[in-house]
Amino acid sequence: MTASDFNAKYAEITGDFLRYSETVFADLNTPNALAEAMKYSFFAGGKRIRPILTIAFGEAIGLERAEVMPYAFGLECIHTYSLIHDDLPSMDNDVLRRGKPTCHVKFGEATALLAGDGLLNFAFEHILGKIKDKNGVEALKYLAECSGARGMVSGQASDKENENATDKNEERLFETYELKTGKLLTAPFVMPALLKGEASLLPIAEEIGKNFGRAFQFADDLKDVLLSSDQTGKTSGKDERENKFTSVSVYGVENVKKIIAELTEKVICGLKKLSSSEFLVYLANTVNKVEK
């Protein structure tokens, strides 16, 4: 696949996803600022990695785009809610997200908190209205597990506890990352596999997602160190200034780069077990590259 072909496919999937999302959000109105805050954060920009992975992996295993679109939408709602809450003063206290003021800066802390709550519920409300069979129930159940106390929320809790931990080691880092970031980056692979209903696909999807999620978080740590706020769309250098526990603080910049390359190779090996994975292989090769 050429760069031109990849960019065209990426733009096509993104366009379809955004048009779908706009249609869904068109029916959401509240007698207060809640709906506006939810839409502000959801449509603030970003690469849409999670929904694109969901849609592309679904197509790679033979699903129609329409079958996975509700799950891609729900996943992005949940991811957006997690960012809103992560940016709050009681959490990371960030003022910039995707190059724009964070939700609590724009709308106030209380409205931002409720906007996150609203997006979480909106995700499940939408998918529940689209489920067609038992496979759909299993995919939604998996998304719920990835999002909650056995997944992303637990990872956020561990991340906060790590700020004051004295035993900052590799095991603790991996455990936090695989919950906080990894779960919602494994879901784009496992949900379509569950929708497909072929048991042999599940271990492949899980392994790809686990390695992709870890590489993605390590790359995010690198970006905080090597790139500017203009390049990342959020406050850069914050991890180092606040002495945060990250892959860079454990391994150093050059070793993190090597680990990302090794993880990416594992992702690609998994993807090549599928009959149609050219787009995903190209994406895996590029999305986690960090060049200063």
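Residues numbered from 1 in each chain as written. Predicted model: local features only at pLDDT ≥ 70, side-chain atom pairs only at ≥ 80, totals over all residues. Heavy atoms only, no water.

Here we come to the overall build of the protein chain. When helices and strands are counted, the protein chain shows 15 helices and 2 strands. Taking 2.2 N^0.38 as the reference for a compact globule, 292 residues should give roughly 19 Å; the C-alpha atoms of the protein chain span a radius of gyration of 18 Å, in line with that estimate. C-alpha atoms of the protein chain, sized along the principal axes, occupy 50 × 45 × 35 Å. Sorting the 292 residues of the protein chain into buried and exposed places 53% on the buried side. Taking all contacts inside the protein chain whose residues are at least 6 apart in sequence as the whole, residues at least 24 apart take part in 73%. Split by element, the accessible area of the protein chain, about 13,400 Å² in all, is 50% carbon and sulfur. Of the side chains in the protein chain, 36 bear a positive and 43 a negative charge, and the two mean positions are spaced by 2 Å. (Helix = DSSP H or I, 4+ residues; strand = E, 2+ residues; numbered from the N terminus. Rg over C-alpha atoms; globule rule 2.2 N^0.38 Å. Buried < 20%, exposed > 50% of the residue type's maximum accessible area, 1.4 Å probe, protein only. Contact = heavy atoms within 4.5 Å. Areas by Shrake-Rupley, 256 points an atom, 1.4 Å probe, with all protein chains shown as cover. Lys, Arg positive; Asp, Glu negative; His and termini not counted. Charge placed at Lys NZ, Arg CZ, Asp CG, Glu CD.)

Ranked by size, the top nonpolar core spans 71 residues in total, and within it Ile-49, Phe-57, Phe-212 and Leu-271 carry the most contacts. No other element matches helix α4 (residues 65-87), which puts 10 residues into this core. Apart from the residues within four sequence positions on either side, Phe-57 is in contact with Pro-188, Phe-189, Pro-192, Ala-205, Ile-208, Leu-271, Leu-274 and Leu-280. (Core = buried A, V, L, I, M, F, W, Y, C linked by side-chain atoms within 4.5 Å.)

Let us now look at the side chain of Arg-50. Looking at the element boundaries, Arg-50 is found in helix α3 (residues 49-60). As a buried residue without a salt bridge, Arg-50 has its nearest oppositely charged side chain in Glu-76, at a separation of 5.4 Å. (Salt bridge = Lys/Arg side-chain N within 4 Å of Asp/Glu carboxyl O.)

Another aspect to go through is the pattern of salt bridges. Throughout the structure, instances matching the rule amount to 14 salt bridges. Salt-bridge contacts for Arg-65 lead to Glu-59; the nearest nitrogen and oxygen are separated by 2.7 Å. Residue classification places Arg-65 among the buried positions, given a relative accessible area of 13%. Residue classification places Glu-59 among the partly exposed positions, given a relative accessible area of 25%.

Okay, helix α14 (residues 253-271) next. Taking 1.5 Å of rise per residue, 19 residues should cover 27 Å, and α14 covers 27 Å from first to last C-alpha, within 8% of that figure. Within the span of α14, buried status applies to Val-256, Ile-259, Ile-260, Leu-263, Thr-264, Val-267, Ile-268, Gly-270 and Leu-271. Of the surrounding secondary structure, the elements contacted by the buried residues of α14 are α3, α9 (170-196), α10 (201-226), α13 (247-251) and α15 (278-287). (Expected span 1.5 Å × (residues − 1).)

For the coordinates displayed, the defined rule picks out 20 aromatic pairs. Pairing Phe-6 with Phe-279 gives two aromatic rings, centres 4.9 Å apart and planes at 25°, and the pair type is stacked. Of the two residues, Phe-6 sits in helix α1 (residues 3-26) while Phe-279 sits in helix α15, which places them 273 residues apart along the sequence. By relative accessible area, Phe-279 is classed as buried at 7%. On the numbers, 4.5 Å between centres and 25° between planes, the contact of Phe-6 with Tyr-282 is stacked. Pair noted here: Phe-6 is in helix α1 and Tyr-282 is in helix α15, with a separation of 276 residues, a long-range link. Taking relative accessible area as the criterion, Tyr-282 reaches 22% and is therefore assigned partly exposed. Through a chain of ring-to-ring contacts, three or more aromatic side chains come together here, namely Phe-17, Tyr-20, Phe-25, Phe-42, Phe-43, Phe-73 and Phe-122. Over the aromatic face of Phe-42 sits the side chain of Arg-48, whose NZ or CZ is 5.1 Å from the ring centroid. (Phe/Tyr/Trp six-rings, centres within 6.5 Å; stacked < 30°, edge-to-face > 60°. Lys NZ or Arg CZ within 6 Å of the ring centre and 35° of its normal.)

With that settled, consider unusual backbone geometry. If you check the backbone angles, Asn-93 has positive phi at about 55° while not being a glycine. Mapping Asn-93 onto the fold places it in the loop between α4 and β1 (96-97). On the accessibility criterion, Asn-93 (44% relative accessible area) is partly exposed. Phi is positive for Arg-98, close to 55°, though the residue is something other than glycine.

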